[in-house]
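# Structural overview
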Amino acid sequence: MKTKKAVWIPAMIAVTVAVLLVIYYYYMSSLSGGGPGPRPSEGGSTGPVGVHPRGEGRGGNGEIFKTLGTISVFLGATAFSWFWFKKKLRSPSMLVRRAGRLLHSFHKLLGWATLILIAVHGIYFLITKLQDNKTYTGLAGFAILLAIAGYGFFINKVRNKWMRTVHRLLGLLWVPVLLLHAGGSAIMAVIASLAVGVLVWILERSAGKTTKLVPEER
Ligand code: HEM
Ligand code: HEM
């Protein structure tokens, strides 16, 4: 019993680390004034002459690495969407069945791709923007993703009924952190994933109805 519950420990550590980083983010943002939200400019008037103000005149390489972050958010959302299909692999709707099998077969790949892309994104910003407060929420998101991947890796290796639950809960806990860190893309990704869930539900119902109605009507 005790050892069964021990599977929660790594997740609790990851979540604690993430929470501390988020608290630190709020603390640092309040120090620089203006609170969280639009990134405050560091250095200010004491900064060296010629330093570009944030937000303007950047572009260039950074944009590519930011885009990697955006792509990862959507890959993560696609990985999560497998959840809507897991009990529907025998659905009366062929579309649901096929999409479910597809998502299932790509689930691990999507997960690892998310992790790798985000590592590239994170390393880039750790090197170039260590001072940016967003680094803290980014690291918080990374801590949770790392735990998600860890549980995912062991789901079929460790016989424990909680593995899937923890893996799924971490996926859900990832959302608030990403809303904080990735802003608009996280909102879009959550909406998109929910929309997939609704679509599955609608397709299921209409396909279920027709198969039931056919023998009844004729
Ligand atoms: C490994 C730790 C991470 C670090 C150090 C980090 C760092 C940063 C920084 C500094 C920015 C701001 C870039 C800028 O405005 O020029 C940023 C933006 C972004 N990050 Fe991360 N990040 C990390 C993890 C993540 C994770 C886990 C995700 C989601 C899967 C993510 C998705 C994004 C997105 C979508 C943006 C663009 C947000 C916007 O358009 O304002 N990042 N990241
Ligand atoms: C990083 C690598 C990942 C690996 C190796 C992995 C692995 C797995 C495995 C083996 C399963 C069980 C599949 C089955 O039922 O046959 C699973 C389920 C699931 N995964 Fe992942 N996964 C990863 C990433 C992710 C990510 C990024 C998310 C979303 C944030 C996610 C969300 C889920 C959900 C919601 C389930 C269904 C859990 C349930 O049974 O309720 N996974 N994953």
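Residues numbered from 1 in each chain as written. Chains lettered and ligands numbered in written order. Predicted model: local features only at pLDDT ≥ 70, side-chain atom pairs only at ≥ 80, totals over all residues. Heavy atoms only, no water.

### Points about the packing of aromatic side chains
The condition that has to hold: Whether two aromatic rings pair depends on their centres lying within 6.5 Å, for rings of Phe, Tyr and Trp, where Trp uses its six-membered ring; planes under 30 degrees apart make the pair stacked, over 60 edge-to-face, and the rest tilted. Each helix corresponds to a stretch of at least 4 residues labelled H or I by DSSP, and each strand to a stretch of at least 2 residues labelled E; elements are numbered beginning at the N terminus. Relative accessible area decides the class of each residue, using a 1.4 Å probe on protein chains only: under 20% of the type maximum gives buried, over 50% gives exposed, and in between gives partly exposed. Criterion for a charge above a ring: Arg CZ or Lys NZ at most 6 Å from the ring centre, at most 35 degrees from the ring normal.
Taken as a whole and assessed by the stated rule, the structure comprises eleven aromatic pairs. Seen from their ring centres, Phe80 and Trp84 are 6.4 Å apart, and the 75° between their planes marks the pair as edge-to-face. Of this pair, Phe80 and Trp84 both sit in helix H3 (residues 61–85), four residues apart, which is roughly one turn of the helix. The class for Trp84 is partly exposed, based on a relative accessible area of 25%. Ring centres 5.0 Å apart and planes at 85° place the aromatic pair Phe153 and Phe154 in the edge-to-face group. Residue classification places Phe153 among the partly exposed positions, given a relative accessible area of 40%. Each residue in the set Tyr24, Tyr27 and Tyr136 is aromatic and connected to the rest through ring pairs, giving one cluster. Above the face of the Phe153 ring, Lys157 is positioned so that its terminal group lies 4.1 Å from the ring centre.

### Focus on the packing of helix H4 (residues 94–128) against helix H5 (residues 134–154)
The condition is simple: Note on definitions: angles span 0 to 180 degrees between N-to-C directions of axes, and those axes are lines fitted to C-alpha atoms, for helices only across the stretch in contact. Note on terminology: angles under 35 degrees are roughly parallel, angles over 145 are roughly antiparallel, angles of 65 to 115 are roughly perpendicular, and the others are oblique. It is the rotation of the near helix from the far one that decides the hand of a crossing: anticlockwise by less than a right angle makes it left-handed, clockwise makes it right-handed. We call two residues in contact whenever any of their non-hydrogen atoms come within 4.5 Å of each other. In the scheme used here, Gly and all other residues not listed as nonpolar or charged are polar, with Ala, Val, Leu, Ile, Met, Phe, Trp, Tyr, Cys and Pro taken as nonpolar and Asp, Glu, Lys and Arg as charged.
Running from amino to carboxyl end, H4 crosses H5 at an angle of 155°, the nearest separation of the two axes being 10 Å. Comparing the axis directions of H4 and H5 gives the class roughly antiparallel. When you trace H4 past H5, the crossing you get is left-handed. For the pair H4 and H5, the contacting residues are Trp112, Thr114, Leu115, Ile118, Ala119 and Leu126 in the first and Thr135, Leu139, Phe142, Leu145, Leu146, Ala149 and Phe153 in the second. The residue makeup of the contact of H4 with H5, split by class, is eleven nonpolar, two polar and no charged.

### A word on the coordination of the iron atom of ligand 2
Short version of the rule: Water is not part of the atom set, so a site may look incomplete; the donors themselves are N, O and S atoms within 2.8 Å of the metal, or 3.2 Å for Na, K and Ca. Tetrahedral means four donors with every angle between 85 and 135 degrees, whereas square planar (four donors) and octahedral (six donors) require angles over 155 degrees between opposite donors and between 65 and 115 for all others; sites fitting neither are termed irregular.
Listed as protein donors to the iron atom of ligand 2 are His107 (NE2) and His167 (NE2); their distances from the metal cover 1.9 to 2.0 Å. Each of the six donor atoms around the iron atom of ligand 2 contributes to a set of angles spanning 86 to 179°, which defines the coordination as octahedral. Of this pair, His107 sits in helix H4 while His167 sits in helix H6 (residues 162–182); the two residues are 60 residues apart in sequence, bridging distant segments of the chain. When its relative accessible area of 16% is taken as the criterion, His167 is described as buried.

### Let's talk about the site of ligand 2
Using the following cut-off: Near is defined per residue: the residue qualifies when any heavy atom it owns lies within 4 Å of the molecule or strand. Pairs of N or O atoms within 3.5 Å make up the polar contacts considered here, provided that, within protein, one atom can donate a hydrogen while the other can accept it, and that residues adjacent in sequence are counted only when both atoms are side-chain atoms.
Taken together, 22 residues lie around ligand 2, and Lys86, His107, Arg164, His167 and Arg168 are the ones closest in. Within the contact set of ligand 2, an oxygen atom lies 2.7 Å away from a side-chain nitrogen or oxygen of Lys86. Between an oxygen atom of ligand 2 and a side-chain N or O atom of His104, the distance comes to 2.8 Å. Those elements giving two or more residues to the shell around ligand 2 turn out to be H3, H4, H5 and H6. Taken together, the residues of the shell around ligand 2 sort by class into ten nonpolar, eight polar and four charged.

### Side note on the environment of Val175
Along the chain, the position of Val175 falls in helix H6. Judged by its relative accessible area of 28%, Val175 is partly exposed. For the pair Val175 and Ile187, spaced twelve residues apart in the sequence, the C-alpha separation amounts to 8.9 Å.

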